[in-house]
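An overview of the molecular structure
Single-letter residue listing:
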Amino acid sequence: MNLTQNTMTKTQTYTVKIALIVALGGFLMGFDASVISGVVKFIEPEFNLTKLQLGWSVASLTLTATLAMMVAGPLSDKFGRRKVLQWSAILFAVSAIGSALAPTFLLLVIARMLGGFGVGASLILAPMYIAEIAPANMRGRLVSFNQLNIVIGISAAFFSNYLILKFAGSGADWALTIGLDKWNWRWMLGIEFLPALLYFVGLYFVPKSPRWLVMKGQTDQALFIMKQFTNVEDAQKQIHDAAHSIEEEKDKEKVKLTEFFKPAYRWVLLIGVVVAILQQITGINSVFFYAPMIFEQSGIGTDASFIQAILVGLTNLVFTILAILFIDKLGRKPLLVGGLVGIALCMSLLAYGFGSATYQLTDESIMSLPEQLDTSRLENMIGVVFDNDVKFKQALRSSLGEADALVYESQAITASISMNPKIILIGILGFVASFAISIGPVMWVLFSELFPINIKGAAISFVGFINSLVSYLVQQFFPWQLDTFGSSTTFLIYGLFAAVGVVFVIMVVPETKNKSLEELEGILIKK
């Protein structure tokens, strides 16, 4: 008995170790997606970017990630899950070095887009591989490693950006030697090479997917590998079930995309599309990808804005864990309603905070601006009270010119703004907490339960594509929104979307907790 228990302990330990290595792809995805948040402040003046170009530097990664999500599955069926994950590790590494060394904006975007292919492949294949090697009683927890690692990667990017900025301003000899002061944003992007290299090396210790080996007719090798993850009987059963499932799939006709546009599926498709849009249209990626920029708008300065960005990452991590703990206890619908109410309230708070701000340069405050700036050019602004950020920034550009206004905008806001920055911090952290415990993770659980089995794969791919498209649009246009409408109006728009979402969820979305897939099909599918 002791020997059996000891053997099981060894297999479980090995399974966890392999799952953690594979889930490092989730870490890289989260890191690569959000590290740009610390970079935008520096590349905007360096490359003299418009607001739409700045949005493109962030959102371009999402476009290639979406494309990769569409082709990663078929590529992994042909070449293997591990092989394609190794390619994604190479793409992460090349993207990190290419972004760090990019001499032009065009090459920076191309390097970021290469990383997007790695992001999309990891998002699809890391959880797929883990699900294929995990015993049934461990599958849920092990697959959640990937989602948790995405959140940890986001937090690590915020922390890494802050440390680089802190060391860059420390004046330490070693920091000056490696150029942290001159090339801070390049180091922010380049540091990702290290975990990417670790991931590439780690994947050599990961065996091929047993299910993929069965697909290729290598059943004996598949069984040998599966025995490393579970006991002999369970391994034999899983390989047998996989072979049977693959045979059945060969005999089935593939569902056409037009199948789930039929009237019978109209209602469930409407729910899926609206929830997919709602998850992104409330502005979560504007916060994850532009957090320091948002905090700088409250006048706290660059260093403090990077510190507060770390709090965003930690809040996201804590409340994602809480969502995992409570989703089966409280149900999907209560979490969705509560989270969306929280999002609407927090966005309203942000709109109020920025809306109540005023901006006025005085003879005293102008002395706090950098010595390099010729403050005589700002004399026409001294004593003038601006009641919103758009008017203040326009006046700043008129006085300094477009290029210098970009360089000194943060310091000018800090010197002139009159508001309570704690309101902005509370609003942002409350928003992230509300998202992370509700529509962030709940959406994907909901999708796995809403769609009937015969259209599930195609339907989830479709709504996932809609979700990625809206995510791209939010990232692309957020800097332009801030510049055109101002911070207050931008966040008010997000809050209104959340309020509409609350009404939709209450009136339309069913509770899926403790309901069989057949029960849900009876409720949602109109025969």
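So, here's what we can say about the structure. (Residues numbered from 1 in each chain as written. Predicted model: local features only at pLDDT ≥ 70, side-chain atom pairs only at ≥ 80, totals over all residues. Heavy atoms only, no water.)

1. Here we look at the nonpolar core
For clarity, the threshold we go by: Definition used in this section: a nonpolar core is a set of buried Ala, Val, Leu, Ile, Met, Phe, Trp, Tyr and Cys residues joined via side-chain atoms within 4.5 Å. Per-residue accessibility, obtained with a 1.4 Å probe over protein chains only, is compared with the maximum for each type, and a residue is labelled buried under 20%, exposed over 50%, and partly exposed between these values. Contact between two residues is taken to exist if any of their heavy atoms lie within 4.5 Å; hydrogens are not considered.
Within the largest apolar cluster, 147 residues are counted, with the highest numbers of intra-cluster contacts made by Val312, Leu378, Phe392 and Ile428. Apart from the residues lying within four places of it in its own chain, the contact partners of Val312 are Phe158, Val287, Phe288, Phe295, Ile428, Leu429 and Val432.

2. Quick word on the packing of aromatic side chains
Note the cut-off: By convention, a stacked pair of Phe, Tyr or Trp rings (six-membered ring in the case of Trp) has centres within 6.5 Å and planes under 30 degrees apart, an edge-to-face pair has planes over 60 apart, and any other such pair is tilted. In DSSP terms, a helix is any run of H or I states spanning at least four residues, a strand is any run of E spanning at least two, and both are numbered starting from the N terminus.
Tallied over the entire structure, the rule returns 16 aromatic pairs. Judged by centre distance (5.9 Å) and plane angle (75°), the ring pair of Phe47 and Trp185 falls under edge-to-face. Taken together, the residues Phe47 in the loop between helix 2 (40–46) and helix 3 (51–79) and Trp185 in helix 8 (residues 184–190) connect sequence positions 138 residues apart. Residues Phe47 and Trp185 agree in their burial class; the two are buried. Between Trp480 and Phe485, the ring centres sit 5.4 Å apart and the planes meet at 80°, which makes this aromatic pair edge-to-face. Using a relative accessible area of 34% as the deciding quantity, one classes Trp480 as partly exposed. Connected via pairs of aromatic rings, a cluster forms that spans Tyr290, Phe354, Phe478, Phe491 and Tyr494.

3. With respect to helix 5 (residues 105–133)
Counting along an α-helix, one turn takes 3.6 residues, and residues three or four places apart therefore face a common direction. Under the convention used in this document: Multiply 1.5 Å by the residue count of a helix minus one, and that product is the helix's expected span. Fitting axes to the seven residues that end at a residue and to the seven that start at it, the angle between those axes gives the bend at that residue.
End to end, helix 5 covers 42 Å across 29 residues, agreeing with the expected 42 Å (1.5 Å per residue, within 8%). Helix geometry: helix 5 is bent most strongly at Ser122, by close to 30°.

4. Structural notes on the packing of helix 14 (residues 284–296) against helix 19 (residues 421–436)
This is how it is decided: In this analysis an axis means a line fitted to C-alpha atoms, helices contributing only their contacting stretch, and an angle means the value between N-to-C directions, from 0 to 180 degrees. Note on angle classes: values under 35 degrees are labelled roughly parallel, values over 145 roughly antiparallel, values of 65 to 115 roughly perpendicular, and the remainder oblique. Crossing handedness is defined as follows: a turn of the near helix away from the far one that is anticlockwise and smaller than a right angle gives a left-handed crossing, while the clockwise case is right-handed. Any residue that is not Ala, Val, Leu, Ile, Met, Phe, Trp, Tyr, Cys, Pro, Asp, Glu, Lys or Arg is counted as polar, Gly included; the first ten are nonpolar and the last four charged.
Packing of helix 14 against helix 19 brings their axes to within 11 Å, and their N-to-C directions diverge by 160°. With respect to each other, helix 14 and helix 19 are oriented roughly antiparallel. When you trace helix 14 past helix 19, the crossing you get is left-handed. Of the residues in helix 19, those touching helix 14 at Ile284, Val287, Phe288, Ile294 and Phe295 are Ile424, Leu425, Ile428, Phe431, Val432 and Phe435. For the contact of helix 14 with helix 19, the per-class residue count stands at 11 nonpolar, no polar and no charged.

5. Details of the side chain of Arg112
Rule in force here: Polar contacts here mean pairs of N or O atoms no more than 3.5 Å apart (in protein, one a potential hydrogen donor and the other a potential acceptor; neighbouring residues in sequence count only if both atoms are side-chain atoms).
Relative to the assigned elements, Arg112 resides in helix 5. In this structure Arg112 comes out as buried when scored by relative accessible area, which is 2%. Only 3.0 Å separates the side chain of Arg112 from the backbone oxygen of Asp32, close enough to count as a polar contact. Setting aside residues up to four positions removed in sequence, Arg112 forms contacts with Asp32, Ala33, Val35, Ile36, Ser57, Val58, Ser60, Leu61, Ser95, Ser99 and Leu189.

6. Some words on the pattern of salt bridges
Just so we agree on the cut-off: Here, a salt bridge means any Lys or Arg side-chain nitrogen found within 4 Å of an Asp or Glu carboxyl oxygen.
Taken as a whole, this structure holds 11 salt bridges when the rule is applied. When the shortest N-O distance is used, the salt bridge between Asp32 and Arg112 registers 3.4 Å. Of this pair, Asp32 sits in helix 1 (residues 2–34) while Arg112 sits in helix 5; the two residues are 80 residues apart in sequence, bridging distant segments of the chain. When sorted by exposure, Asp32 lands in the same class as Arg112, which is buried. Its salt-bridge partner being Glu296, residue Lys41 comes within 3.4 Å of it at the nearest N-O pair. Note that Lys41 is positioned in helix 2 and Glu296 in helix 14, a separation of 255 residues in sequence. The structure contains a network of salt bridges with shared partners spanning Asp77, Arg81, Glu132 and Arg211.

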